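# Inside the fold
Below are the chains, spelled out letter by letter.
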Amino acid sequence: MNDRQLVAVIDFGSQYTQLIVRRVRELGYLAKLYRLEDFPSLDSPGAIILSGGPKSVLEPDAPDIDFNRLQHFGVPVLGVCYGMQLLNLKHGGTVKPGDRREYGPAALLPENTGDGLFKGIAPSSQVWMSHSDTVERIAGDCSVIARNAEGVPVALQWSDRMYGIQFHPEVTHSHEGSAILRNFLAMASGLKMFDIGDFKNEMTRSIRERAGNRQVVCGVSGGVDSTVLAMLLHEAGVHMRAIFVDNGLLRKNESEEVQRNFARIGVDIETVDASERFLKALAGETNPEKKRRIIGGLFIDVFWEAVGDAEMLAQGTLYPDVIESASNAGSKASVIKTHHNRVERVLELQAQGKVLEPLAELFKDEVRALGASMGIPHDILWRHPFPGPGLAVRCPGEVTRERLDIIRECDAIFIGNLRKYGWYDKVWQAYAGLIPVKTVGVKGDERSYEWATNLRAIVSEDAMTADWVELPPELLRETSNSILNSVKGINRVLYDISTKPPASIEWE
Ligand code: XMP
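Fair warning: this is a prediction, and the values are worked out from it, not measured in the lab.

### Comments concerning the packing of helix α8 (residues 275-282) against helix α9 (residues 288-307)
Where α8 meets α9, the axes come as close as 10 Å, and the angle between the chain directions of the two elements is 150 degrees. Judged by the inter-axis angle, α8 sits roughly antiparallel to α9. Crossing of α8 over α9 shows right-handed handedness. When α8 is examined against α9, the residues Arg-277, Phe-278, Ala-281 and Leu-282 are found in contact with a partner set consisting of Lys-291, Ile-294, Ile-295, Leu-298, Phe-299, Asp-301, Val-302 and Glu-305. Of the residues that constitute the contact of α8 with α9, the class distribution is eight nonpolar, no polar and four charged.

What follows is the structure in structure tokens.
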């Protein structure tokens with residue numbers, strides 16, 4: 001790929017940097033995130049965006065950029081938040097520290113909506129601010145192209161095709177943020193549009209080149225990333241072994257379903273049934289973190305035993321897993337993934353150039369688009385996420401076969417009804433779990449003393465936050481009736497109406 005064709009996003013440490021890349025890609029352009037340290041090796045990008053950052057440009061150790069080099073490229077540059085203040089300083093202006101951080105919505109009042117950065121933008125629209133520094137004085141050939149409701153400059157333009165905006169166009173709270181980014185990118189010439197077909201051809205060519213005649217091993221879970229990965233290796237025509245570990249913590253008929261799905265897309269997989277080993281290892285353990293560690297550790301053992309002497313390993317690592325961004329910090333999923341993806345053996349293989357991560361440039365929705373372009377059916381690409389430790393995180397307390405079986409039954413009824421009522425694709429993730437607390441009820445004419453199940457259905461963008469879904473009462477009623485009538489061991493059905501935060505999506 002020619003650098004000239006892409007949009008380089010330079011990371012100054014904002015928690016939103018990754019979102020800038022995402023928005024640019026949503027607009028159809030090729031975009032890549034560069035760490036500030038990598039700026040000197042940037043060849044010749046088509047446009048440059050300087051991200052926001054947590055520091056003040058006035059701090060002595062504030063991140064800096066080689067301004068001569070930036071100007072030398074002669075391409076449009078957009079500084080966002082920190083990026084704007086830095087450009088202002090570099091052009092000879094001054095910046096004053098705010099007495100507090102401004103965080104939240106603000107009005108954007110552009111000077112000119114007929115042309116340039118704010119072409120077609122409303123005379124007043126909401127933008128999102130998160131900053132403390134503000135512009136004190138502008139210098140030289142700079143003009144103020146937008147202010148906020150108090151008349152403070154929030155967008156600047158310099159004659160060398162550089163722009164600065166105080167707000168974050170990449171967050172959805174900036175209502176016209178994408179339109180502003182689109183206007184900016186329209187000023188660049190020769191930018192290449194992202195094409196998933198081109199990407200696939202490039203990927204398969206590079207996989208073939210790197211793998212040669214070696215055997216490539218990959219782990220599959222039935223989730224979208226590993227399925228698309230396996231299909232890509234299959235299309236590339238390399239010697240592949242796809243290994244599926246059944247840890248005994250899967251949902252009802254899941255092992256069969258995963259095998260059937262791979263048969264549907266014509267990819268052979270090897271299933272390793274390790275369910276006994278997992279259940280034995282978990283016996284008696286009630287501490288959530290210890291349970292996770294047992295499952296994570298055993299998974300690695302089982303997987304590598306099955307792999308033997310791998311010549312090459314392929315992993316479904318995605319872009320958000322790769323780039324160092326604060327926006328991912330704190331996500332349990334990404335920490336766990338990193339754990340799996342970076343264990344010692346993988347690091348060794350990596351040092352020998354034997355790890356393939358062909359999806360590492362893509363976001364989840366792009367992985368889905370890639371999967372669709374290879375003919376993977378919609379229902380496989382849009383399966384809800386399922387955690388690596390499986391039902392164990394939905395089974396507080398000890399994990400036993402009996403408890404897992406109860407969860408499987410409740411979950412199958414709930415998910416079946418979500419599908420039946422057309423709600424499966426509308427929710428981001430849903431499941432039934434177990435609350436191992438016995439309460440009194442009446443079943444038939446008899447007193448019952450049984451456990452409860454919790455139903456959870458959430459919407460989310462990235463699992464960092466989540467909201468519970470207002471499912472139709474008839475769906476909930478039918479689910480509750482079916483569970484109470486058919487699942488032995490359950491006499492109470494609860495619907496979890498907790499947002500994340502403060503709750504999490506899983507119970508453990
Ligand atoms: P929480 O419970 O942290 O879950 O709100 C956020 C998302 O991550 C999934 N999850 C995991 N995924 N390994 C995974 O691959 C894990 O250990 C793990 N724990 C939670 C969870 O299902 C939800 O989508």
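### Some remarks on helix α3 (residues 82-90)
Burial analysis of α3 places seven of its nine residues in the buried class, which makes it a mostly covered element. For α3, every residue scored as buried is listed here: Tyr-82, Gly-83, Met-84, Gln-85, Leu-86, Leu-87 and Asn-88. Positive backbone phi, approximately 95 degrees, marks Gly-92, located one or two places after α3.

### Focus: the nonpolar core
A general trend in soluble globular proteins is that nonpolar side chains are found buried together. With 47 residues, the main nonpolar core has Leu-249, Trp-304, Phe-414, Leu-418, Val-427, Leu-471 and Ile-490 as its most contacted residues. Among the elements of the structure, β13 (239-246), α8, α9, α12 (344-351), α15 (401-420), β17 (429-443), β18 (446-459) and α16 (473-486) are those that each provide at least two residues to this core. With eight residues, α15 is the single largest residue contributor to this core. Setting aside residues up to four positions removed in sequence, Leu-249 forms contacts with Leu-279, Leu-282, Ile-295, Phe-386, Pro-389, Gly-390, Leu-391, Ala-392, Val-399, Leu-404 and Arg-408.

### A look at empty space enclosed by the protein
A probe as big as a water molecule, rolled over the atoms, marks out the empty space that is left. Tallied over the entire structure, the rule returns one cavity of 30 Å³ or more. If you add up the space inside the largest cavity, you get close to 80 Å³. As for the largest cavity, its lining consists of Gly-53, Lys-55, Ser-56, Cys-81, Tyr-82, Gln-85, Arg-101, Ser-130, His-131, Ser-132 and Asp-133. Residue classes in the lining of the largest cavity are distributed as two nonpolar, six polar and three charged.

### Overview of helix α1 (residues 17-26)
Within α1, seven of the 10 residues are buried, which leaves it mostly tucked inside the rest of the structure. What α1 keeps buried is the set Thr-17, Gln-18, Ile-20, Val-21, Arg-23, Val-24 and Arg-25. With its phi angle positive at about 100 degrees, Gly-28 sits one or two positions after the end of α1.

### Quick word on the packing of aromatic side chains
The tally for this structure, following the rule as stated, stands at nine aromatic pairs. Ring centres of Phe-303 and Trp-304 lie 5.5 Å apart, and the angle between their planes is 75 degrees; on these two criteria the pair is classed as edge-to-face. Trp-304 shares its class with Phe-303; the two are buried. Seen from the ring of Phe-386, Arg-251 lies directly overhead, with NZ or CZ sitting 3.9 Å from the centre. The ring of Trp-451 carries the charged tip of Lys-438 above its face, separated from the ring centre by 5.6 Å.

Basis of the calculations
- Residues numbered from 1 in each chain as written.
- Predicted model: local features only at pLDDT ≥ 70, side-chain atom pairs only at ≥ 80, totals over all residues.
- Heavy atoms only, no water.
- Axes fitted to C-alpha atoms, helices over the stretch in contact; angles between N-to-C directions.
- Helix = DSSP H or I, 4+ residues; strand = E, 2+ residues; numbered from the N terminus.
- Parallel < 35°, antiparallel > 145°, perpendicular 65-115°, else oblique.
- Left-handed = near helix turned anticlockwise from the far one by under 90°.
- Contact = heavy atoms within 4.5 Å.
- Nonpolar A, V, L, I, M, F, W, Y, C, P; charged D, E, K, R; others polar.
- Buried < 20%, exposed > 50% of the residue type's maximum accessible area, 1.4 Å probe, protein only.
- Core = buried A, V, L, I, M, F, W, Y, C linked by side-chain atoms within 4.5 Å.
- 1 Å grid on protein atoms, 1.4 Å probe; cavity = no way out; pocket = protein on both sides within 12 Å on 5 of 7 lines; lining within 4 Å.
- Points joined across faces, edges and corners; volume = space filled by probe spheres on them.
- Phe/Tyr/Trp six-rings, centres within 6.5 Å; stacked < 30°, edge-to-face > 60°.
- Lys NZ or Arg CZ within 6 Å of the ring centre and 35° of its normal.

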